[in-house]
Each structure stands twice: as structure tokens, then as C-alpha cells.
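Each chain is listed here by its residues.
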Amino acid sequence: MDYIAFLISNAFHIYIIYRFASRIFFNYPSTRTSAFSAICYYILNSVCALYFGIPLLNLATSMIGLIFLTLPGKDKIIKKFFFIILTTGLGFGCDILVYSIVNHPGYLLSMGILSNFILYLLELATEIFFVNKNKSDIEQREWLFLCLVPIGS
């Protein structure tokens, strides 16, 4: 059961990163190639995390997955590098915030889900304030995610 919850949480995490990349940072020539790179990122990250479980290897596969995610973008290399550093830093920041508040080793999966939820809120706030200054309505499916994630955890 923990594996299924981890895979769902990881899929949500990859969705957040993909959304951050496609809506804020990069101009992808086609959604098909960018979605394929996000799926490769998910598979690589999930398999290595579940099979090996070594934190440094997880970090390395996350960085490689982020590189896969940036490859289809036609943007400059410095923008891709900044995206990788920014998303990794935001993920670390959310993890540290949640782990310092909860600080209970028995709730690692729940803390990961909460960390992903905070990362999603950061992505929404960034999108609203920096990209869609004139259009700040949160879509109906986004409210669905905002309500289902805490209920599911």
C-alpha cells in the first residue's frame, strides 16, 4: 500500500514540475514530446526510489529527470539550468519546512504528500502572480486537486 501511495505522490510531484515547466518557463514545440519526457522522468525517478532507496541516487535521478524534462524546450541552456536549480531548491525548501514542523519519522509518506501540496500551491501562486497577472482565476480542476490532496492524505 505504501508503494502505491508513493507512486501516486510521485506522479503528483512530476505533474507539478511539468506544469511549472510548461506554463511558466519553457516554450515546448509540442506537448507530445514534453509529456513523453515527463513520463520518462516519472519512470526513472520512481524505479530508482523504490528499487534502490538511496537518497543521493534519488537526487541524481531527479536531476537527470529534470534534464529530460528540459530537453524538448527550445530555450537557452542558462534558462534550463536555472529551472533545474530553482525546482530542486523549491522541493528542498518544501521538504525542510514540512519535516521541521512535523518531525516524526513514522509519517514520511504523509510528509512527502504535504510537501508536494505546498509545492503545488507555490506553483499556482507563481503562475497567478507572474504569468497571469490579468487572469487570476483558479480553474475548476485545480480546486479539485487542492481539495483532494489533503483529503487523500
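Preceding this paragraph is the structure being described.
First things first, this report covers the structure right here in the doc. Note that the coordinates shown come from a computational prediction; the quantities given were computed from them, not determined experimentally.

1. Observations regarding helix α3 (residues 55-70)
Every α-helical turn comprises 3.6 residues, leaving residues that sit three or four positions apart pointing alike.
Then step 1. The first and last C-alpha atoms of α3 sit 23 Å apart over 16 residues, in line with the 22 Å expected at 1.5 Å per residue.
Then step 2. Buried within α3 are the following residues: N58, T61, S62, G65, L66, L69 and T70.
Then step 3. Contacts made by the buried residues of α3 are with α1 (2-25), α2 (31-51) and α4 (77-102).

2. Some words on the environment of N10
Then step 1. Mapped onto the fold, N10 is located in helix α1.
Then step 2. In this structure N10 comes out as buried when scored by relative accessible area, which is 7%.
Then step 3. Once you skip the residues sitting within four places of it in the chain, N10 turns out to touch Y42, N45 and S46.
Then step 4. Reaching out from N10, the side chain makes a polar contact with the side chain of S46 at a distance of 2.7 Å.

3. Points about the packing of aromatic side chains
Then step 1. One pass over the full model with this rule turns up nine aromatic pairs.
Then step 2. Relative to F83, the ring of F26 lies with its centre 5.0 Å away and its plane at 70°, an arrangement referred to as edge-to-face. Here F26 is found in the loop between α1 and α2, whereas its partner F83 is found in helix α4, with 57 residues between them in sequence. An identical accessibility class is assigned to F26 and F83; each is buried.
Then step 3. Measuring from ring centre to ring centre gives 4.8 Å for Y51 and F52, while their planes differ by 85°; the resulting arrangement is edge-to-face.
Then step 4. A relative accessible area of 65% means that Y51 is categorised as exposed.
Then step 5. An aromatic cluster of three or more residues is present, and its members are F20, F25, F26, Y28, F82 and F83.

4. Here's the deal with the pattern of salt bridges
Then step 1. One pass over the structure, following the stated rule, counts four salt bridges.
Then step 2. R19 is the partner of E127 in a salt bridge, and the nearest nitrogen-oxygen pair spans 3.1 Å. A residue pair is termed long-range when its members are at least 10 positions apart, and E127 in helix α5 (residues 108-131) and R19 in helix α1 qualify at 108 residues.
Then step 3. Residue classification places E127 among the buried residues on the basis of a relative accessible area of 8%.
Then step 4. A residue is classified by how much of its surface remains accessible, and R19, at 2% relative accessible area, is buried.
Then step 5. Through salt bridges with shared partners, one network takes in R19, R23, E123 and E127.

5. Digging into the packing of α1 against α2
Relative orientation and spacing of two packed helices are given, respectively, by the angle between their axes and the distance between those axes.
Then step 1. Orientation of α1 relative to α2, taken along the N-to-C sense of each, is 145°, at an axis distance of 10 Å. Classified by chirality, the crossing of α2 by α1 is right-handed. Contact with α1, carried on its side by Y3, F6, L7, N10, A11, H13, I14, I17 and Y18, involves T31, S34, A35, A38, Y41, Y42, N45, S46, A49 and L50 of α2 and no other residues of that element.

6. Details of the packing of α3 against α4
Then step 1. Contact geometry of α3 with α4 gives a least axis separation of 10 Å together with a crossing angle of 140°. Classified by the angle their axes make, α3 and α4 are oblique. With respect to the hand of their crossing, α3 and α4 are arranged in right-handed fashion. Here L59, M63, L66, I67, L69 and T70 of α3 come into contact with α4, specifically with K80, F83, I84, T87, T88 and F92.
Then step 2. Of the residues that constitute the contact of α3 with α4, the class distribution is eight nonpolar, three polar and one charged.

The rules behind each value
Along each chain, the written sequence defines residue order, and numbers are assigned to residues from 1. Per-residue local features are limited, in this predicted model, to residues with pLDDT of at least 70; the limit for side-chain atom pairs, both in listing and counting, is 80 or more; totals at the level of whole chains, interfaces and linings are taken over all residues. To obtain the side-chain values, all non-hydrogen atoms of the structure were included, while hydrogens and water were left out. Helical segments are the DSSP runs of H or I of at least four residues, strand segments are the runs of E of at least two, and each set is numbered from the N terminus. By this rule the span expected of a helix is its residue count minus one, scaled by 1.5 Å. Here's how the labels work: a residue is buried when its accessible area is under 20% of the maximum for its type, exposed when over 50%, partly exposed in between, all with a 1.4 Å probe on protein chains only. Residue contacts are counted whenever heavy atoms from the two residues lie within 4.5 Å of one another. Polar contacts here mean pairs of N or O atoms no more than 3.5 Å apart (in protein, one a potential hydrogen donor and the other a potential acceptor; neighbouring residues in sequence count only if both atoms are side-chain atoms). For Phe, Tyr and Trp, rings pair up if their centres lie within 6.5 Å, where Trp contributes its six-membered ring, and each pair is then called stacked (planes under 30 degrees apart), edge-to-face (over 60) or tilted (otherwise). Here a salt bridge means any side-chain nitrogen of Lys or Arg lying within 4 Å of a carboxyl oxygen belonging to Asp or Glu. Inter-axis angles, ranging from 0 to 180 degrees, are taken between N-to-C directions of lines fitted to C-alpha atoms, where helices are fitted over the stretch in contact. Note on convention: the crossing is left-handed when the near helix lies turned anticlockwise from the far helix by less than a right angle, right-handed when the turn is clockwise. Should an angle fall under 35 degrees it is taken as roughly parallel, and over 145 as roughly antiparallel, whereas 65 to 115 is taken as roughly perpendicular and any remaining angle as oblique. Three classes are used: nonpolar for Ala, Val, Leu, Ile, Met, Phe, Trp, Tyr, Cys and Pro, charged for Asp, Glu, Lys and Arg, and polar for all others, with Gly counted as polar.

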